[in-house]
Amino acid sequence: MNSLKDNFLRVIDYLRLSITDRCNLRCIYCMPPDGIFPSSHKEILSYEEIIRIVRIAAGLGVKKVRLTGGEPLSRKNVTFLISSIKKMKGIEDLSMTTNGVLLEKYAGEIADAGLDRVNVSIDSFDPARYRDITRGGDLDIVLRGLEAAEKAGLKPIKINMVPIKGINDDEIIDFARLTLFTEYHVRFIECMPSGSVDFWNTERYITTDKIKKMIETIAPLEPVRARKNGPSKYYRLKDAKGIVGFISALTHHFCEDCNRIRITADGKIRPCLFSETEIDLKTPMRSGVDDSEIERLLKLSVELKPKGHNLNELPSEVQKITSCSSLIAQHSKKRPMSKIGG
Ligand code: SAM
Ligand code: SF4
């Protein structure tokens, strides 16, 4: 059995594929109000190109694939891509991160095509606030999408929430409470500076430690051991059906557990979310290289994975946050999250 190991002995078996940089929402922390100029159809990888890359990656040891974007459900005929990837030898888990706007329409089809699970991003259960955060989104549609996803068996459903001080932090406890009576995995993602959006600042930022403390006022959080979580840390509130997770890009070491590489919609391999290093796959593919060259480039991207983004070595939390903001902004300035595939 092949396996991809980087220079720090991390096994890389997870590929995150951004299949579009277009989106039907404009979340305040992710996009400017007018959106981001999307790549043209020719600029992004075709399904055939994506399928070829995934097949070669699976041959090297990639077992898990996540489709993301932009909004992956807004790309036409995504069921074709799902069924093609799902059939591939070596792929054990195929999931998607979506804003849920089109889930009601597509949940059944994507489940039938072979998608295993969905992560749905929801930052508020208050319709007016949801509309403000997403600049126009309709919460009802997304809630109906969640129901449809459950019915279609796309489980466990993970809900991604980005807590922002003064905007939705008063809902953190309600989000966590959801796990008491549903099997949802509710994951709190630390807000990261996005290269193209002038939104992030220390006033708005909430650390995972603070979020955890807020949640622990309702019940103790018991760590959940899982075989491999990558950068997420999982807990269960006492007697809860579901799980609470934390993704702390800025304040906690998660690099040592990193198991992934990313491919952008326009065909660049991104070894690390926080590094500008990218390897172009699209140009060589379109100039006719054979599979061994794609294999070499995928292996090279794994070799280029840095040990970490080194933002955790700073002494105090405040210093950490302040330094992070400029460093990460610098790192991510070329591509916003919607173009990398968050
Ligand atoms: N459009 C889909 C969605 O929103 O789920 C998939 C792409 S989106 C870039 C993937 C995830 O990244 C979402 O959960 C979103 O909340 C998160 N995200 C985007 N910008 C972020 C930021 N600046 N900080 C933290 N998370 C962010
Ligand atoms: Fe679109 Fe997802 Fe970014 Fe929101 S977070 S603007 S839904 S890509």
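Refer to the preceding data block for the structure.
Since the structure is predicted, the reported quantities are computational estimates derived from the model, not experimental observations.

(A) Representation of the environment of phenylalanine 188 in the model. Residue placement: phenylalanine 188 occurs in strand β6 (residues 185-189). Placed 59 residues apart in sequence, phenylalanine 188 and isoleucine 247 show a C-alpha to C-alpha distance of 6.2 Å. Dropping the residues within four chain positions of it, phenylalanine 188 is found in contact with Met161, Pro163, Ile172, Phe175, Ala176, Ile211, Ile215, Val244, Gly245, Phe246 and Ile247.

(B) Looking closely at the side chain of aspartate 266. Positionally, aspartate 266 belongs in the loop between β10 (260-263) and β11 (268-270). A polar side-chain atom of aspartate 266 sits 2.5 Å from a polar atom in the side chain of threonine 264.

(C) Seen up close, the nonpolar core. Counting residues in hydrophobic clusters, the biggest one holds 98 residues, and the most contacted among them are Leu17, Tyr29, Val65, Leu67, Ile85, Phe188 and Ile215. It is helix α1 (residues 47-60) that provides the largest number of residues to this core, a total of nine residues.

(D) Examining the sheet that holds strand β5 (residues 158-161) more closely. Strand order across the open sheet formed by twelve strands is β7-β8-β9-β6-β5-β4-β3-β2-β1-β10-β11-β12, with mixed pairing between neighbours. Where the open sheet ends on each side, the last strands, each with one partner, are β7 (221-223) and β12 (279-280). Direction of pairing for strand β1 (residues 14-18) relative to strand β2 (residues 64-68): parallel, over a ladder of five bridges. Across the sheet, arginine 16 pairs through a bridge with arginine 66, a residue of β2. Lying on the sheet, α1 is in contact with β1, β2 and β10; it crosses β1 at an angle near 175 degrees.

(E) Layout of the pattern of salt bridges. Following the criterion strictly, the structure yields 15 salt bridges and no others. When the shortest N-O distance is used, the salt bridge between arginine 10 and aspartate 6 registers 2.6 Å. For the pair formed by arginine 10 and aspartate 6, the shared burial category is buried. Across the pair aspartate 93 and arginine 117 runs a salt bridge whose closest N-O atoms are separated by 2.5 Å. One end of the pair, aspartate 93, is in strand β3 (residues 93-98); the other, arginine 117, is in strand β4 (residues 117-121), with 24 residues separating them in the sequence. Across this residue pair, the class does not change: aspartate 93 and arginine 117 are buried. Linked by salt bridges that have partners in common, Arg52, Arg55 and Asp291 make up one network.

(F) Structural context of helix α4 (residues 127-134). Residues of α4 that are buried include every one of Tyr130, Ile133 and Thr134, and no others. Around the axis of α4, the buried residues are gathered within 85 degrees of arc, so they sit on the same side. Taken together, the buried residues of α4 touch α5 (139-151). Taking the backbone nitrogen of alanine 128 as reference, a side-chain oxygen 3.1 Å away marks aspartate 126 as the first, capping residue of α4. One or two positions beyond α4, positive phi appears at arginine 135, with a value near 55 degrees.

(G) Up close: the site of ligand 2. Residues in contact with ligand 2 amount to nine residues; listed here are only the nearest, Cys23, Leu25, Cys27, Cys30 and Asn99. Considered class by class, the residues forming the shell around ligand 2 number five nonpolar, three polar and one charged.

Rules and cut-offs
- Residues numbered from 1 in each chain as written.
- Chains lettered and ligands numbered in written order.
- Predicted model: local features only at pLDDT ≥ 70, side-chain atom pairs only at ≥ 80, totals over all residues.
- Heavy atoms only, no water.
- Helix = DSSP H or I, 4+ residues; strand = E, 2+ residues; numbered from the N terminus.
- Contact = heavy atoms within 4.5 Å.
- Polar contact = N/O pair within 3.5 Å; in protein donor to acceptor, adjacent residues only side chain to side chain.
- Core = buried A, V, L, I, M, F, W, Y, C linked by side-chain atoms within 4.5 Å.
- Buried < 20%, exposed > 50% of the residue type's maximum accessible area, 1.4 Å probe, protein only.
- Pairing = 2+ DSSP bridges.
- Axes fitted to C-alpha atoms, helices over the stretch in contact; angles between N-to-C directions.
- Salt bridge = Lys/Arg side-chain N within 4 Å of Asp/Glu carboxyl O.
- Arc of directions from axis to C-beta.
- Near = heavy atom within 4 Å.
- Nonpolar A, V, L, I, M, F, W, Y, C, P; charged D, E, K, R; others polar.

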